[in-house]
Amino acid sequence: MVSLLLPIAQPPIESLDFRASKLSFNKSNPPRRLDFPPPISTGPAHFSPLDNLVSSSTYASVLESCKCFKLGKQVHAQALKNGFQGHEFVETKLLQMYGKCGCFDDAVQLFDKMRQRNLHSWTAILNVYLSNGLYEDAFECFGQVRFEEFELEFFLFPVVLKICCGYGGVELGKQLHCTVAKYGYSSNIYVVITAFAANGMLSEALEVFNKMSVEDNLTPNFISWSALVGGFSQNGYDKEAIEYLYKMQAAGFQLNAQTLASVLPACGRLQMLYLGKEIHGYLTRHGLMSNSFVVNGLIDVYRRCGDIENALLVFSMYSMKNDVSYNTMLVGYFENGEVSKALELFYQMEHEGKCEDIISWNSMISGYVNNFMFSEAWSMFHQVMWKEEIEADSFTLGSALAACADTGLLRRGKEIHSYAIARGLQTDPFVGGAIVKLYSKCLDVGAAQKAFDEVNDRDISTWNALISGYARSEDMVSVERTLEKMKADRFDPNIYTWNSIIAGHVKNAHNESALQLFLDIQSSGLRPDIYTIGTVLPTCSRLANLDRGKQIHAYAIRFGYDSNTHIGSAVVDMYAKCGCVKHARLAYDNIQKYNLVTENAMLTAYAMHGYGEEGIAFFRRILDNGFIPDDITFLSALSSCVHAGLVETGLEFFNLMRSYNVKQTLKHYTCMVDLLSRTGKINEALKVIKEMPLDPDTVIWGALLGGCVIHGNLEVGEIAANKLIGLEPENTGNHVMVANLYASVGKWGDLAKIRQLINEKKMHKKPGCSWIEDKGEIHVFVACDTSHQRTDEIYEILNILTSQIRVEN
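Residues take numbers from 1 onward in each chain, read along the sequence in its written order. Residue-level local features of this predicted model are given only where pLDDT is at least 70; pairs of side-chain atoms are given and counted only at 80 or more, and the full residue set underlies all totals for whole chains, interfaces and linings. Note: side-chain values were computed over all heavy atoms of the structure, leaving out hydrogens and water.

Caption draft 1: The overall build of the chain, seen in detail. For helices the rule is a DSSP run of H or I covering at least 4 residues; for strands it is a run of E covering at least 2, with both sets numbered from the N terminus onward. Per the secondary structure count, the chain includes 43 helices and 2 strands. A 1.4 Å probe rolled over the protein chains alone gives each residue an accessible area, and that area as a share of the maximum for its type sets the label: buried under 20%, exposed over 50%, partly exposed in between. In the chain, which comprises 809 residues, the proportion classed as buried is 46%. In the chain, the proportion of contacts linking residues at least 24 apart, taken out of those at least 6 apart, comes to 62%. Surface accessibility follows the Shrake-Rupley procedure with a 1.4 Å probe radius. Residue values consider only the protein chains on display as shielding. Working note: accessible area of the chain is about 40600 Å², and carbon and sulfur atoms make up 52% of it. It only takes one pair of heavy atoms within 4.5 Å for two residues to be counted as in contact.

Caption draft 2: A look at the packing of helix H20 (residues 374-386) against helix H21 (residues 394-407). Direction vectors running N to C along H20 and H21 enclose 145 degrees, while the axes themselves pass 10 Å from each other. Remark: the crossing between H20 and H21 carries left-handed chirality. Residue-level inspection shows Phe-374, Trp-378, Phe-381 and Val-384 of H20 in contact with H21, the latter providing Thr-396, Leu-397, Ala-400, Ala-403, Cys-404, Asp-406 and Thr-407. Charged residues are taken to be Asp, Glu, Lys and Arg, nonpolar residues to be Ala, Val, Leu, Ile, Met, Phe, Trp, Tyr, Cys and Pro, and polar residues to be all remaining types, Gly included. The class makeup of the residues in the contact of H20 with H21 is 8 nonpolar, 2 polar and 1 charged. Interaxial angles span 0 to 180 degrees and are taken between N-to-C directions of axes, which are lines fitted to C-alpha atoms, for helices over the stretch in contact. By convention the crossing between two helices is left-handed if the near helix lies anticlockwise of the far one by an angle smaller than a right angle, and right-handed if it lies clockwise.

Caption draft 3: Layout of the pattern of salt bridges. Here, a salt bridge means any side-chain nitrogen of Lys or Arg that lies within 4 Å of a carboxyl oxygen of Asp or Glu. Scanning the model with the defined rule gives 16 salt bridges in all. Measuring nitrogen to oxygen at the nearest pair gives 3.8 Å for the salt bridge that ties Glu-391 to Arg-423. Here Arg-423 lies in helix H22 (residues 410-423) and Glu-391 lies in the loop between H20 and H21, a separation of 32 residues in the sequence. Using a relative accessible area of 18% as the deciding quantity, one classes Arg-423 as buried. Linking Glu-793 and Arg-790 is a salt bridge whose minimum nitrogen-to-oxygen distance equals 3.1 Å. On the basis of relative accessible area, Glu-793 is assigned to the partly exposed category, the value being 42%. Among the charged side chains, a salt-bridge network with shared partners connects Asp-300, Arg-303, Arg-304 and Glu-335.

Caption draft 4: The arrangement of the packing of aromatic side chains in detail. Classification of ring pairs rests on two measures: the distance between centres of Phe, Tyr or Trp rings, Trp counted by its six-membered ring, which must be within 6.5 Å, and the angle between planes, read as stacked under 30 degrees, edge-to-face over 60 and tilted in between. The final tally for this structure, using the stated rule, is 26 aromatic pairs. On the basis of an interplanar angle of 35 degrees and a centroid distance of 5.5 Å, the ring pair of Phe-232 and Tyr-244 is categorised as tilted. Placement of Phe-232 in helix H11 (residues 222-234) and of Tyr-244 in helix H12 (residues 238-250) is noted, with a sequence separation of 12 residues between them. With a relative accessible area of 7%, Tyr-244 lands in the buried category. Put simply, the rings of Phe-209, Phe-222, Trp-225, Phe-232, Tyr-244 and Phe-253 touch in pairs and so form one group of aromatic residues. For a ring to carry a charge above it, either NZ of a lysine or CZ of an arginine must fall within 6 Å of the ring centroid while also lying within 35 degrees of the normal to the ring plane. Positioned above the aromatic ring of Trp-378, the side-chain terminus of Arg-412 is 4.3 Å from the ring centre.

Caption draft 5: Molecular detail of the confidence of the model for the chain. Across the chain, the average pLDDT comes to 82, with 83% of residues at 70 or higher. Residue-level confidence of the predictor is what pLDDT reports, using numbers from 0 through 100. Across residues 1-53, confidence stays below pLDDT 50; counting only partners more than four residues off in sequence or on other chains, it has 130 contacts.

Caption draft 6: Structural detail: the environment of Leu-264. Note on placement: Leu-264 falls in helix H13 (residues 257-269). On the accessibility criterion, Leu-264 (0% relative accessible area) is buried. Leu-264 has contacts with Ile-279, Val-294, Gly-297, Leu-298 and Val-301, leaving out every residue within four places of it along the chain.

Caption draft 7: Focus on the UniProt feature "repeat: PPR" (unreviewed entry) in the chain. UniProt positions are given in the numbering used here, feature names are shortened, and annotations may be inferred rather than shown by experiment. Following the UniProt record, one finds the feature "repeat: PPR" (unreviewed entry) at residues 87-121, 221-255, 322-356, 357-392, 459-493, 494-528 and 595-629. As annotated, residues 221-255 comprises 74% helix and 0% strand, and the C-alpha atoms at either end are separated by 12 Å. Structurally, residues 595-629 is divided into 74% helix and 0% strand, and its ends, taken at the C-alpha atoms, are 11 Å apart.

Caption draft 8: Expanded view of helix H29 (residues 530-543). The span one expects for a helix is its residue count, reduced by one, times 1.5 Å. Look at H29: 21 Å from first C-alpha to last across 14 residues, which is about the 20 Å you get at 1.5 Å a residue. Taken together, the buried positions of H29 are occupied by Thr-532, Ile-533, Gly-534, Val-536, Leu-537, Thr-539, Cys-540, Ser-541 and Leu-543. Here a polar contact is taken to be a pair of N or O atoms separated by no more than 3.5 Å, where protein atoms must pair a possible hydrogen donor with a possible acceptor and residues adjacent in sequence count only if both atoms sit in side chains. The backbone nitrogen of Tyr-531 has a side-chain oxygen 3.1 Å away, supplied by the residue at the start of H29, namely Asp-529. One or two residues past the end of H29 sits Ala-544, with phi positive at roughly 50 degrees.

Caption draft 9: A nonpolar patch on the surface, seen in detail. Patch construction takes residues with relative accessible area above 30% that form no salt bridge. Like charges are linked within 9 Å, and nonpolar side chains (Val, Leu, Ile, Met, Phe, Trp, Tyr) are linked within 5 Å. Together, Ile-797, Ile-800 and Leu-801 make up an exposed nonpolar region whose accessible area comes to about 260 Å². Summarising the element assignment, Ile-800 is placed in helix H43 (residues 791-808).

Caption draft 10: Fine view of unusual backbone geometry. Although it is not a glycine, Gln-271 adopts a positive phi angle of roughly 55 degrees. Tracing the backbone through its elements, the reader meets Gln-271 in the loop between H13 and helix H14 (273-285). Among the residues examined, Gln-271 registers a relative accessible area of 54% and is labelled exposed. Even without glycine at this site, Asp-457 takes up a positive phi of about 50 degrees. Here Asp-457 is to be found in the loop between helix H24 (445-454) and helix H25 (460-472).

Caption draft 11: Inspection of the packing of helix H33 (residues 596-608) against helix H34 (residues 612-624) at higher detail. The N-to-C vectors of H33 and H34 enclose an angle of 160 degrees; their axes lie 8 Å apart at closest approach. The angle between H33 and H34 falls in the class roughly antiparallel. As for the relative orientation of H33 and H34, their crossing is left-handed in sense. Mapping the contact onto sequence places Glu-599, Met-602, Leu-603 and Tyr-606 in H33 and Glu-614, Gly-615, Phe-618, Phe-619, Arg-621 and Ile-622 in H34. Of the residues in the contact of H33 with H34, the class split is 6 nonpolar, 1 polar and 3 charged. Relative orientations are named as follows: roughly parallel for angles under 35 degrees, roughly antiparallel for angles over 145 degrees, roughly perpendicular for angles from 65 to 115 degrees, and oblique for any other angle.

Caption draft 12: Structural detail: the state of the cysteines. Count a disulfide wherever a pair of cysteine sulfur atoms falls within 2.5 Å. Applying the stated criterion to the full structure yields 0 disulfides. Looking at the unpaired Cys-442, the closest cysteine sulfur is the one in Cys-404, lying at 8.3 Å. Summary of cysteine pairing: Cys-578 is not part of a disulfide, and the nearest cysteine sulfur, belonging to Cys-580, is at 6.7 Å.

Caption draft 13: A look at the environment of Leu-483. Examined against the element boundaries, Leu-483 turns out to sit in helix H26 (residues 476-488). Given a relative accessible area of 4%, Leu-483 falls into the buried group. Along the backbone, Leu-483 and Thr-497 are 14 residues apart, and their C-alpha atoms lie at a distance of 9.0 Å. When neighbours within four sequence positions are excluded, Leu-483 is seen to be in contact with Ile-467, Pro-493, Thr-497, Trp-498 and Ile-501.

Caption draft 14: Looking closely at helix H39 (residues 698-711). When the terminal C-alpha atoms of H39 are compared, their 20 Å separation across 14 residues agrees well with the 20 Å that a helix rising 1.5 Å per residue should span. Along H39, the positions that sit buried rather than exposed are Thr-698, Ile-700, Trp-701, Gly-702, Ala-703, Leu-704, Leu-705, Gly-707 and Cys-708. Positioned one or two residues after H39, Gly-712 has a phi angle of 65 degrees, which is positive.

Rendered as C-alpha cells:
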C-alpha cells in the first residue's frame, strides 16, 4: 500500500484511549460525555430575526440554529399566528428545538397535541426522553412506534440502540438486532455506522465498527470507514480522525476527495502542516483539485498553519472564488498580521459582490480586534449597523464587545449590551459570554454575574470569563464558590480556568501565589499551555527568581514554546531582570519570528546592565532591519548611550525621535540630562531642563545633582539640591545627596549643617532589601532584621564570615 504522499515525515498518531481524563484538582461530577474527551469547538450557531418570515423552510432554518428557548417560543407563537398549527414539518422542527433547549415539558406537550406525526417526530421525542435520562419511557415510546403504519428508517436505530444501552443493556440490544433484521437492515450494518457518526454518537459508531468482523462476519467497507473518519472530524475529535484515516489507507482503500475533505479541518485545527502538504500532493497526483471542498479545506489548513503563501497559491490556482474561499483567505491574512492584504481582498470582494452577507463583515471586525486595531474594528462595526441590507448577528456583537473589553470602553459596551437585549441575543452563548467578559475585564463583577445568569447553554468559556472577573477583583472567595458551581454544572476546570486565576494573581501583584498555582497545576496532571507560561514568567522577573524562571523556561523548551515571539520576549525579560544578560541573548537568538517587542526586550537587557556599546550596536541593527522604533526603543537606546558615555550618539538618537514621530517624554529628557551631567557638561544639562516643554521631577533633578557631585559643580548643584528638597522635603535620600555634594567640594561646615538637620528631623534612610530562595521558599531580609525564625543561626554564620573577612584583610 502506497502511503499518502510517499514516506510520511512523522509517524501516525498512536492509538488513543477514548476515556475522558479528569481536568480538575478536586473531585467533581462526571463530565457530560463519559466516552470521549471534550472535542474542539467549531463555533456556536447564530439566530436571525423573524420579521416577515412565513415559509416552512425558513422556520426550519431558524429553529435549527436556535439555542434559546425564549426565542424558540417566540418562533412557536409566530408560527401559530401565521397558520402553521398542525403543520407536520414545522411542528417537528419545533419539537427538535424544545428538546435541544432542554424544555422537556414543552416538548412532550407539543408532541401530545400533534395531529400528524412522522418518523422524524417520533425520533425527536425519543431524543427528548434520552436527554433527560428517561430510558424506560423512551423504550415504551419506541414500542408505540412499531405499531405505527409508516416504515422504519435507518436513522431511528442509532437512537434506539442508545436507549438499549441506558435501559436494558445487551438483551434489549439483541431484541433490537432482531428488529433491524426484520426491517431488512441487518445486511446493511454499514448504514447504522453512518447514522451513528452523522448523529455525533462516535463511541457507539466505533463499537459497532469494531464488532462487525467479530460478531457479524462483516468487513468495514469504504462507506463505513469514511463515515467514521468524517464523524470524528466533524465532531472535533481531530486526532482520532487522522488515526483512522491512516488505518483506512492501511486497510487497502484508496482515499477519495470527500474523505480527504472531511479530514482537512482536523489537520488545520491541529496545525499539522506536514500532513496537509501530503494530502495536497495526493490530491494533485490523483486529479482531485477540481473539488471545491478539498480546495477550501487546503486553504484553511495552510492559513491555520501560518503558511499564507501556499494558501494564496491554492486560492489563486484552484479556488472557485466562492464566499468560503474568500473568507478563509481573509481570516488567514489577519491571523498572519497581513492586515493591508486583508483589506485589499475585502475591497475586491465588495467589487465582485461577495460581501452581501454578514460573514465577511464579521471576519473583518474580528480580524481588526485580534490585531488590536480597535478604531478600525469600530469603524467597520458602525458600517454594518448603518447598512439596511445587512443585519448584525451574534458574531458581530461578540466581536464588538470584545473590542470594548480590550479597550476598557465600558459605556460603549453597555450600549451594545442594550442592543443585544433589544434583539433577544443577550442569552446567546457567544454574545452573553462576550458580555460577561466585558464586565469582568472592567471589574464590574456584579454586572458580570447578572449577565452570566441570563446566558442559556453556558459553556466553559463563559464560566471562565466570570471566574476571571472575580480573580482580577481579588475576590478569591467568589472564585472558589464559582468553581464549585461550575463543577456542579458538570464542567471540569480546564487550563484556561487556571490561567484566568493565575492572571488575576499576577495583576494584583500576588506573584508568589501565581507561582504556587503554577506548581499545583503541574502536580495535578494538567498541562500548562503557552498562555500559562506567558502569564507566569513575569512573576519570576518581578521576584528576580532565577531558579524558578529557569524551570519555567525549561518547560517552555520541552513543549516548543520558547521560539514563540511572546514567550521568547518574556524569557529574555526574565533573564535580564534576574541579571543574566548572556542567557537573555541565548533566549533571544532562539526566537523564531522577531517583532518590536522582542527587539525592545533584548535592547532593554543591554541597557539595564550597562552594556552601552552592545546596546547602541543593537539599536542600529533594529533600524537596519526595518523595525519602526517606539518610545521604549529610544529610551533603552539613550540609556545605552549614558552607560557608554557617548554624548554625540545620545544627541543623534534624541533628535532621531522626531523623524519617527515618537514623542519625547520626561524619561527621555532625564536620560539626556544624566548623559550630559555624567560627562561633565553640567551647564548644557541645566539648559535642557530649562528649555524642555515638561515640568521637571525629582528624578531629573537628581540626575543633575548626581553629575554635580561627580564633577564638583557647587553652583548648579545647589540649584538642583534646592529643587529636590522643595519637591520632597522629607526624603532622606535627597538630603544625603546634598551632603555628598558639599563633601565633594570640601564644604565641611555646610555638610555638618545638613547632617544636623537630618538628625533633628529624625530622618532615616529606607533600608535596602535582600532575598534568597532555598528549597522553593523565599526568605526576605533588611538591615538589622531579627524577625526570621532562624535569626540566631543566621547571625552566628554572619559573625563567622565577618571574622574571616577581617583576617583576610
